[in-house]
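# Observations on chain architecture
As a plain string of letters, each chain reads:
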Amino acid sequence: MFFIDTIGLEGLGNRSYLAGGERTAVAVDPPRDIDTVLRAAARRGVRISHVVETHIHNDYVTGGLDLARTTGAAYLVPADARVSFARTPVADGDTVAVDEGLTLAAVATPGHTPHHTSYVLKEGDRPVAAFTGGSLLIGAVGRPDLVEPALTERLARAQHASAHRLADSLPDDTPVLPTHGFGSFCSATQADGDATTIGREKAVNSALTQDIDTFVAALLAGLDDVPAYYTHMGPLNSARPAPVDLTAPAVADAEEIAARLAAGEWVVDLRNRVAFARGHVAGAYNFEADGKLAAYLPWIMPWGKPVTLLAESAEQLAAAQRELVRVGIDRPAAAATGGPGTWVREGERPASFPRASFADLAERGPGTVVVLDVRRDSERANGWIDGSVHIPVHELYHRSAEVPEGTVWVHCAGGMRAAIAASLLAATGRDVVAVDDAFDAAAHAGLDVHA
């Protein structure tokens with residue numbers, strides 16, 4: 001008998017896996033915080049004998065090296081990946097024994113990266129799972145544009161060939177277990193569904209239903225923005241990702257918070273956007289702990305900038321730390337828990353700004369205020385409010401001077417990014433209103449929406 005446990009990284013839209021038998025197991029694409037994998041192994045009562053990477057990741061820092069060293073496992077990394085640490089190089093066709101009757105076979109599947117490798121878990125001679133990393137995803141494939149612009153089309157063509165190689169060599173009932181594709185920006189497109197098989201992908205995945213030229217043209221045309229912090233992930237993973245320190249940061253009082261703001265450091269309020277709008281430290285930015293913190297904070301914050309975290313509880317703070325170490329923000333400069341009443345200096349009052357709906361905007365009249373759309377280009381292409389200004393949220397920190405004068409009503413697709421953007425603008429002294437509403441409501445409210 002075999003088992004496969006999924007370790008979800010919801011903030012990043014990724015998954016890692018632990019698969020094995022009665023005594024030993026293999027960890028696939030483990031996260032930086034390896035205690036999540038160690039706990040899964042402990043629950044199963046197994047020893048981790050192998051740690052494998054499908055590729056050098058661009059969207060998070062791997063825990064593979066640390067996990068292998070901690071457990072004494074063999075660390076399998078694609079042979080052509082350039083790394084500066086000792087590992088077991090893996091080439092197409094290599095096979096390792098995982099447990100009695102269980103083997104893991106490497107399958108070269110270039111496309112997401114030139115060296116990308118998938119792994120097929122077999123019980124006896126029967127394939128029971130395909131760990132496809134950033135190759136074949138659920139209704140999609142991994143994006144081919146993260147390595148080098150000059151390689152993008154070549155890698156897109158390789159993705160098509162790799163998808164067909166997997167589909168042609170595996171039974172239709174083989175589960176496909178990708179690392180990316182659950183909201184990750186490493187996925188070329190987003191698809192519905194939580195699980196899939198080779199057979200299902202043959203029916204719905206464009207890499208398997210379209211000819212190569214049609215597929216490549218559509219794939220390249222649909223590529224979206226690349227998070228800025230991706231630039232740093234590959235080099236970190238190719239070097240020696242260090243073990244993480246998840247102990248609580250130094251506690252900051254109101255005076256220190258003010259001093260860090262005055263020094264130009266980032267102070268990030270992790271509370272939900274409703275609480276933040278109601279009252280916050282002037283100059284702080286709002287990145288909800290329950291939102292895509294690990295995706296948007298490192299995308300927007302200048303890399304390496306000291307950050308102080310403000311949380312409503314120790315549990316919220318600890319969860320945020322865990323999210324952030326996965327993308328290379330290893331130690332907050334300081335932190336505080338509680339609320340704005342204890343975060344602002346004596347004699348000062350918390351700042352605030354209003355929230356609104358698209359119906360409120362329609363009643364106000366969009367021509368009387370600045371309407372700022374902070375969605376991505378691909379989202380705006382499907383519809384926008386007449387007269388609105390467009391600056392994607394990940395560009396706003398450096399382009400805030402382009403926002404016209406006047407009160408700014410900020411919207412996105414649902415409210416989370418509007419809150420981020422409103423906090424960025426409010427920190428510069430602008431009068432803002434955060435539209436906390438689904439964009440579909442704009443037309444229903446009577447606003448002139450172009451499509």
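Described in the following lines is the structure provided in the data block. Nothing here was measured: the structure is a model prediction, and the numbers come from that model.

Calculation rules
- Residues numbered from 1 in each chain as written.
- Predicted model: local features only at pLDDT ≥ 70, side-chain atom pairs only at ≥ 80, totals over all residues.
- Heavy atoms only, no water.
- Pairing = 2+ DSSP bridges.
- Helix = DSSP H or I, 4+ residues; strand = E, 2+ residues; numbered from the N terminus.
- Axes fitted to C-alpha atoms, helices over the stretch in contact; angles between N-to-C directions.
- Phe/Tyr/Trp six-rings, centres within 6.5 Å; stacked < 30°, edge-to-face > 60°.
- Buried < 20%, exposed > 50% of the residue type's maximum accessible area, 1.4 Å probe, protein only.
- Lys NZ or Arg CZ within 6 Å of the ring centre and 35° of its normal.
- Core = buried A, V, L, I, M, F, W, Y, C linked by side-chain atoms within 4.5 Å.
- Contact = heavy atoms within 4.5 Å.
- Salt bridge = Lys/Arg side-chain N within 4 Å of Asp/Glu carboxyl O.
- Right-handed = clockwise from strand over helix to strand, strands pointing away.
- Parallel < 35°, antiparallel > 145°, perpendicular 65-115°, else oblique.
- Left-handed = near helix turned anticlockwise from the far one by under 90°.
- Expected span 1.5 Å × (residues − 1).

### A look at the sheet that holds strand 2 (residues 14-20)
Ordered by their spatial adjacency, six strands build an open sheet running 1-2-3-4-5-6, and the pairing between neighbours is mixed. Edge positions in the open sheet fall to strand 1 (3-9) and strand 6 (88-90), since each of these has one partner strand only. Strand after strand, the sheet turns through a mean of 25 degrees between neighbouring axes, direction not considered. As judged from the five bridges shared by strand 3 (residues 24-28) and strand 4 (residues 47-52), these two strands associate in the parallel manner.

### Remarks on the packing of aromatic side chains
Counted according to the given criterion, the structure contains ten aromatic pairs. An angle of 85 degrees between the planes, with centres 5.2 Å apart, marks the rings of Tyr-229 and Tyr-230 as edge-to-face. Grouping residues by exposure puts Tyr-229 and Tyr-230 together as buried. With centroids separated by 5.9 Å and ring planes inclined at 85 degrees, the aromatic side chains of Phe-358 and Phe-439 adopt a geometry described as edge-to-face. In this pair, Phe-358 is assigned in helix 13 (residues 358-364) and Phe-439 in the loop between strand 21 (432-435) and helix 17 (440-444), connecting sequence segments 81 residues apart. By relative accessible area, which is 0% here, Phe-358 ends up buried. Look at Phe-439 and you get buried, because its relative accessible area is 13%. A connected cluster of aromatic rings, assembled from ring pairs, spans Trp-266, Tyr-285, Phe-287 and Tyr-397. Against the face of Phe-182 rests Arg-15, its NZ or CZ located 3.8 Å from the ring centre. Directly above the aromatic system of Phe-439 lies the positively charged group of Arg-375, at a separation of 4.0 Å from the ring centroid.

### A few points about the pairing of strand 9 (residues 117-123)
Counting buried residues along strand 9, five of its seven residues qualify, which places the element largely inside the surrounding structure. With seven bridges connecting them, strand 8 (residues 102-108) and strand 9 associate as antiparallel partners. Looking at strand 9, one finds that Ala-106 is bridged to Tyr-119. One ladder, built from five bridges, connects strand 9 with strand 10 (residues 126-133); its direction is antiparallel. When the sheet's bridge partners are listed, Lys-122 is paired in strand 10 with Pro-127. Linkage of strand 9 to strand 10, two consecutive antiparallel strands, is achieved through a turn of two residues, within which Gly-124 is found at a positive phi near 65 degrees.

### What to know about the nonpolar core
Counting 64 residues, the largest nonpolar core has Trp-266, Phe-287, Tyr-296, Leu-297, Leu-372, Leu-396 and Val-410 as its most contacted members. A per-element tally of this core places helix 10 (residues 293-300) first, with seven residues. Each residue touching Leu-396, except ones within four places of it in the same chain, is listed here: Leu-372, Val-374, Ile-391, Val-403, Ala-421, Leu-424 and Leu-425. Residues Ala-25, Ala-27, Val-37 and Ala-73 belong to the second largest nonpolar core, which totals 22 residues.

### Section: the pattern of salt bridges
Inspection of the entire model under this criterion finds 31 salt bridges. Residue Arg-322 pairs with Asp-33 through a salt bridge whose shortest N-O separation is 2.8 Å. Linking Arg-322 in helix 11 (residues 314-325) with Asp-33 in the loop between strand 3 and helix 1 (35-44), this pair joins segments that are 289 residues apart in sequence. Given the relative accessible area of 22%, Arg-322 is considered partly exposed. Salt-bridge contacts for Asp-436 lead to Arg-273; the nearest nitrogen and oxygen are separated by 2.9 Å. Taken together, the residues Asp-436 in the loop between strand 21 and helix 17 and Arg-273 in helix 9 (residues 273-278) connect sequence positions 163 residues apart. Residues joined by salt bridges that share partners form a network here, namely Asp-33, Asp-35, Arg-39, Arg-322, Glu-323 and Arg-326.

### Some thoughts on the pairing of strand 10
Counting buried positions along strand 10 yields seven of eight residues, so the element is predominantly enclosed. In this sheet, strand 11 (residues 176-178) lies alongside strand 10 in parallel orientation, the contact comprising three bridges. Opposite Ala-130, over in strand 11, you have Val-176 as the bridge partner. Between strand 10 and its parallel partner strand 11, the chain crosses via helix 3 (residues 152-169), and the hand of that crossover is right-handed.

### Topic: the side chain of Thr-24
Mapped onto the elements of the fold, Thr-24 is located in strand 3. When sequence neighbours within four positions are dropped, the list of residues in contact with Thr-24 reads Val-46, Arg-47, Ser-49, Val-98 and Asp-99.

### A closer look at the packing of helix 3 against helix 6 (residues 212-221)
Across the interface, helix 3 lies against helix 6 with an axial gap of 9 Å and an inter-helix angle of 125 degrees. Between helix 3 and helix 6, the angle falls in the class oblique. In the packing of helix 3 onto helix 6, the handedness of the crossing is right-handed. Contact residues: helix 3 offers Thr-152, Glu-153, Ala-156, Arg-157, Gln-159 and His-160, while helix 6 offers Ile-212, Asp-213, Phe-215, Val-216, Leu-219 and Leu-220.

### A closer look at helix 3
An α-helical turn contains 3.6 residues, so any two residues separated by three or four positions project in the same direction. Over its 18 residues, helix 3 runs 26 Å from end to end, which matches the ideal 26 Å to within 8%, given 1.5 Å per residue. Listed in full, the buried residues belonging to helix 3 are Thr-152, Leu-155, Ala-156, Ala-158, Gln-159, His-160, Ser-162, Ala-163, Leu-166 and Ala-167. The secondary structure elements touched by the buried residues of helix 3 are strand 8, strand 9, strand 10, helix 4 (198-204), helix 5 (206-209) and helix 6.

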